[in-house]
Amino acid sequence: MGNHLTEMAPTASFLPHFQALHVVVVGLDSAGKTSLLYRLKFKEFVQSVPTKGFNTEKIRVPLGGSRGITFQVWDVGGQEKLRPLWRSYTRRTDGLVFVVDAAEAERLEEAKVELHRISRASDNQGVPVLVLANKQDQPGALSAAEVEKRLAVRELGAATLTHVQGCSAVDGLGLQPGLERLYEMILKRKKASRAGKKRR
Ligand code: GDP
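Residues numbered from 1 in each chain as written. Predicted model: local features only at pLDDT ≥ 70, side-chain atom pairs only at ≥ 80, totals over all residues. Heavy atoms only, no water.

*Asks:* I would appreciate a short explanation of the pattern of salt bridges in the present structure.
*Replies:* Where charged atoms from two side chains of opposite charge approach closely, those side chains can pair. The full count for this structure, using the stated rule, is eight salt bridges. Of the charged contacts in the structure, one is a salt bridge between Glu146 and Arg150, with a shortest N-O distance of 3.0 Å. Residue Glu146 and its partner Arg150 are both found in helix α5 (residues 144-150); the two are separated by four residues, about one turn of the helix. What makes Arg150 partly exposed here is its relative accessible area of 37%. Close ionic contact of Arg154 with Glu148 constitutes a salt bridge, the shortest N to O distance being 3.4 Å. For Arg154, a relative accessible area of 70% gives the class exposed. Three or more residues are tied together by salt bridges with common partners; here these are Asp29, Arg107 and Glu110. (Salt bridge = Lys/Arg side-chain N within 4 Å of Asp/Glu carboxyl O. Helix = DSSP H or I, 4+ residues; strand = E, 2+ residues; numbered from the N terminus. Buried < 20%, exposed > 50% of the residue type's maximum accessible area, 1.4 Å probe, protein only.)

Written out as structure tokens, the structure is:
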């Protein structure tokens with residue numbers, strides 16, 4: 001996975017060297033967050049036991065001249081008591097990855113509520129969002145376009161950069177292009193905020 005991201009490094013030349021980017025991976029339980037992380041970490045599908053609550057798996061993917069992207073995984077939904085906890089962990093994140101099980105249409109409404117709640121939390125406003133419509137290897141999985149519609153991603157607001165990507169932790173398809181788009185969105189936001197500061 002490093003190759004593609006390394007090729008993109010020139011566009012990141014304004015990023016201070018050794019700056020680490022922090023990305024939080026959230027989604028309902030069983031969406032496939034841990035499996036996607038393991039795919040990134042070990043480059044293969046690792047059968048995992050679905051975690052209830054939160055899982056603080058943290059991995060670092062090296063990229064260009066930066067120290068890499070750290071991914072941290074949190075389950076959300078159905079656990080009111082844990083909310084204040086993960087909220088404090090999503091603070092000041094560079095990007096949000098929201099994972100949904102595209103083969104489980106019945107839970108997309110619940111996922112939509114959580115996605116909008118997280119993205120609109122004061123600390124996360126304007127943070128780029130990559131939605132991963134996972135489990136595309138499953139027959140009947142909804143397409144990225146359908147997931148985008150059902151989650152009302154476009155209603156997250158004009159100030160929030162978003163992208164919806166179909167993917168599968170089983171074969172790894174879609175993961176790389178999705179992360180590249182997230183990286184581009186993070187750089188775009190950083191550039192815009194630097195330009196905004198200069199004007200002030
Ligand atoms: P988490 O709770 O979001 O971390 O979900 P897990 O990564 O533990 O995955 C939940 C279940 O879905 C596990 O049984 C995984 O093996 C399975 N799973 C995860 N990703 C995929 C995928 O892309 N395709 C298929 N078919 N199964 C997946």
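*Asks:* It is not clear to me how the nonpolar core should be interpreted in this structure. Could you clarify?
*Replies:* In this structure, Phe71, Val97 and Leu132 are the most contacted members of the largest nonpolar core, which totals 24 residues. Those elements giving two or more residues to this core turn out to be β1 (20-27), α2 (33-42), β3 (66-75), β4 (95-101), β5 (129-134) and α6 (175-199). Here this core gets seven residues from one element, more than from any other, and that element is α6. Not counting residues within four places of it along the chain, the set of residues in contact with Leu132 comprises Leu36, Val97, Phe98, Val99, Val100, Gln165, Cys167 and Leu175. Leu96, Phe98, Ala102 and Ala141 belong to the second largest nonpolar core, which has 22 residues in total. (Core = buried A, V, L, I, M, F, W, Y, C linked by side-chain atoms within 4.5 Å. Contact = heavy atoms within 4.5 Å.)

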